[in-house]
Amino acid sequence: MSTARLEEVRRAFVAELEQAGTSADGVEKVRVKFAGQRSGKLKELAEALRALPNDQKRDYGRALNELKQEIESRLAEAKQAAVTEIRVKDPGTANAKGHAPTVAVGRPVDVTLPGLPVARGAEHPVHIVRRRIEEIFLRMGYDVEAGPEVEDDWHNFEALNIPPDHPARDDQDTFYLADGHLLRTHTSPVQARVMESRQPPIRIVVPGRVFRRDSDLRHSPMFHQIEGLLVDEGITFGHLKATLEAFLHELFSDRVAVRLRPGYFPFTEPSAEVDISCIFCAQKGCGVCSGSGWIEILGSGMVDPRVFEAVGIDAGRYTGFAFGLGLDRVAMLVYGIPDLRQLFAGDQRLTRQFA
Ligand code: PHE
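Residues numbered from 1 in each chain as written. Predicted model: local features only at pLDDT ≥ 70, side-chain atom pairs only at ≥ 80, totals over all residues. Heavy atoms only, no water.

Okay, the packing of aromatic side chains next. For the coordinates displayed, the defined rule picks out eight aromatic pairs. Through successive ring pairs, a cluster of aromatic residues spans Phe137, Tyr142, Phe247, Phe321 and Phe323. (Phe/Tyr/Trp six-rings, centres within 6.5 Å; stacked < 30°, edge-to-face > 60°.)

Structure follows, in structure tokens:
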């Protein structure tokens, strides 16, 4: 055993480490072979020291130490390179937005780079309001229904007692499609759809998108409503009032006062506009309630017998009530959002506040 043997081992180590390259497994094998605690080459070389004549021990010992240091530092470097240069084996699946994965198989990945933050979504304020209202009515035994956004004239207007020349059509500037269909201007057509397809008792709420040709601070060409309809024997205006009061107390607070004013809708008779006492100023008068102390919150009324006739329900036997309110308006009130259009701008700085 001599320093020449040390040089031999050194060369073998360098060559084998080179070959292992950035394979973590390969580097580990080289480590075990040369620096392994139990049977590595270094251990073998250290044991050989004892057998050497005394005058050779010093030189051999020093050379062995140098070799040991070199092997250890090169192994450390190779290990580092191996973890920082793993290669993509599985490109993964498309992400949630449906974008194809951007990493290609075989491409090196620097795993020491900080990870990309995972973008977390948040529930949209209009959706929060919709879910809360649905929950309230589900507890009262209502079902949640849906209907088409592209409607026909009959369901959106005619069945709801709004004939072609009726002035109420002017209030609801309608988007018409080339084939005579239209974008529903309210969720009320779903009342007609449900009543023509089944007999009472009917208890439903219908959340959905509606469309009108309107756009300013308080109006958007698309907004959200939720419709309510209850039809059964012996339903009176008292049931309507009690239901709306219970609902509004639950949604806002037990302390809000509820006020019914006479109103007009072609499909309800009598009709009532419903206000709540201003939740911002305790009726002292503020900007939100325009100094009146009241905030208009929904439209309602007893189902007009002509609507029952149109959808094939016996108006002699059944009565019912209906109501409709704007979800966006409630979200603006509850969360203090000043411009309706902010709700639909898709700006995550808004929705993130609701995470
Ligand atoms: N559809 C009415 C609107 O859009 C609201 C409403 C629904 C009124 C049901 C009465 C009954 O303004």
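Once the structure has been displayed, the description carries forward.
Right, let's get into the nonpolar core. Of all hydrophobic cores here, the largest spans 39 residues; its most connected members are Ile133, Phe247, Leu248, Phe252, Ile297, Leu298 and Phe321. When residues of this core are traced back to their parent elements, those giving at least two are helix 5 (125-139), strand 7 (222-232), helix 9 (237-251), strand 9 (268-277), strand 10 (294-303), strand 11 (319-326) and helix 11 (327-335). Contact partners of Ile297, with chain neighbours within four places excluded, come to Leu248, Phe252, Val274, Asp275, Ile276, Leu325, Val330 and Leu333. Within the second largest apolar cluster, 23 residues are counted, among which are Phe157, Leu160, Ile162 and Tyr318. (Core = buried A, V, L, I, M, F, W, Y, C linked by side-chain atoms within 4.5 Å. Buried < 20%, exposed > 50% of the residue type's maximum accessible area, 1.4 Å probe, protein only. Helix = DSSP H or I, 4+ residues; strand = E, 2+ residues; numbered from the N terminus. Contact = heavy atoms within 4.5 Å.)

This paragraph deals with unusual backbone geometry. Residue Pro201 follows Pro200 across a cis peptide bond; omega there is 5°. Following the sequence through the fold, Pro201 ends up in the loop between helix 8 (189-197) and strand 6 (202-211). Looking along the chain, the bond that leaves Glu269 and enters Pro270 is cis, with omega of -5°. Here Pro270 lies in strand 9.

Relative orientation of the contacting elements helix 5 and helix 9 amounts to 135°, with a least axis distance of 10 Å. In terms of their interaxial angle, helix 5 and helix 9 are classed as oblique. When you trace helix 5 past helix 9, the crossing you get is right-handed. In this structure, helix 5 uses Arg132, Ile133, Ile136, Phe137 and Arg139 to contact helix 9, whose residues at the interface are Thr243, Phe247, Glu250 and Leu251. The residue inventory of the contact of helix 5 with helix 9, partitioned by class, reads five nonpolar, one polar and three charged. (Axes fitted to C-alpha atoms, helices over the stretch in contact; angles between N-to-C directions. Parallel < 35°, antiparallel > 145°, perpendicular 65-115°, else oblique. Left-handed = near helix turned anticlockwise from the far one by under 90°. Nonpolar A, V, L, I, M, F, W, Y, C, P; charged D, E, K, R; others polar.)

A disulfide bridge is the covalent bond that connects two cysteines by way of their sulfur atoms. Scanning the model with the defined rule gives zero disulfides in all. Cysteine Cys278 remains unbridged, with the sulfur of Cys286 as its closest cysteine sulfur at 3.6 Å. By relative accessible area, which is 3% here, Cys278 ends up buried. (Disulfide = S-S within 2.5 Å.)

Taken together, 14 residues are adjacent to the ligand, and His186, Ser188, Arg212, Gln225 and Glu227 come closest. A distance of 2.9 Å separates a nitrogen atom of the ligand from a polar atom in the side chain of Ser188. Within the contact set of the ligand, an oxygen atom lies 3.0 Å away from a side-chain nitrogen or oxygen of Arg212. Its free accessible area being 330 Å², the ligand has 91% of it covered by the protein chains. Contributions of two or more residues to the shell around the ligand are made by strand 7, strand 10 and strand 11. Among the elements that make up the shell around the ligand, the one with the highest residue count is strand 11 (three residues). Across the shell around the ligand, the residue classes tally to four nonpolar, eight polar and two charged. (Near = heavy atom within 4 Å. Polar contact = N/O pair within 3.5 Å; in protein donor to acceptor, adjacent residues only side chain to side chain. Areas by Shrake-Rupley, 256 points an atom, 1.4 Å probe, with all protein chains shown as cover.)

Turning our attention to the packing of helix 1 (residues 3-20) against helix 3 (residues 41-51). As a packed pair, helix 1 and helix 3 sit with axes 11 Å apart at the nearest point and diverge in direction by 175°. Comparing the axis directions of helix 1 and helix 3 gives the class roughly antiparallel. Across the interface between the two elements, Arg5, Leu6 and Val9 of helix 1 pack against Lys41, Glu44 and Leu45 of helix 3.

A cluster of nonpolar side chains, namely Ile279, Phe280 and Val288, defines an oily patch on the protein surface of about 240 Å² accessible area. Structurally, Phe280 can be placed in the loop between strand 9 and strand 10. (Patch = residues over 30% accessible without salt bridge, like charges linked within 9 Å, V, L, I, M, F, W, Y side chains within 5 Å. Salt bridge = Lys/Arg side-chain N within 4 Å of Asp/Glu carboxyl O.)

Here helix 5 is 15 residues long and its end C-alpha atoms lie 21 Å apart, about the 21 Å a rise of 1.5 Å per residue gives. Where helix 5 is concerned, the buried positions are Pro125, Val126, Ile128, Val129, Ile133, Glu134, Ile136 and Phe137. Positive backbone phi, at 90°, marks Gly141, one or two positions downstream of helix 5. (Expected span 1.5 Å × (residues − 1).)

On to a negative patch on the surface, then. Together, Asp170, Asp173, Asp214 and Asp216 line one region of the surface with negative charge. Tracing the backbone through its elements, the reader meets Asp170 in helix 7 (residues 168-171). Given the relative accessible area of 63%, Asp170 is considered exposed. (Lys, Arg positive; Asp, Glu negative; His and termini not counted. Charge placed at Lys NZ, Arg CZ, Asp CG, Glu CD.)

This part is about the pairing of strand 11. Most of strand 11 is tucked away: six of the eight residues are buried. Across eight bridges, strand 7 lies against strand 11 in antiparallel orientation. Bridge assignment links Leu229 to a residue of strand 11, and that residue is Ala322. The pairing of strand 10 with strand 11 spans five bridges and is antiparallel. (Pairing = 2+ DSSP bridges.)

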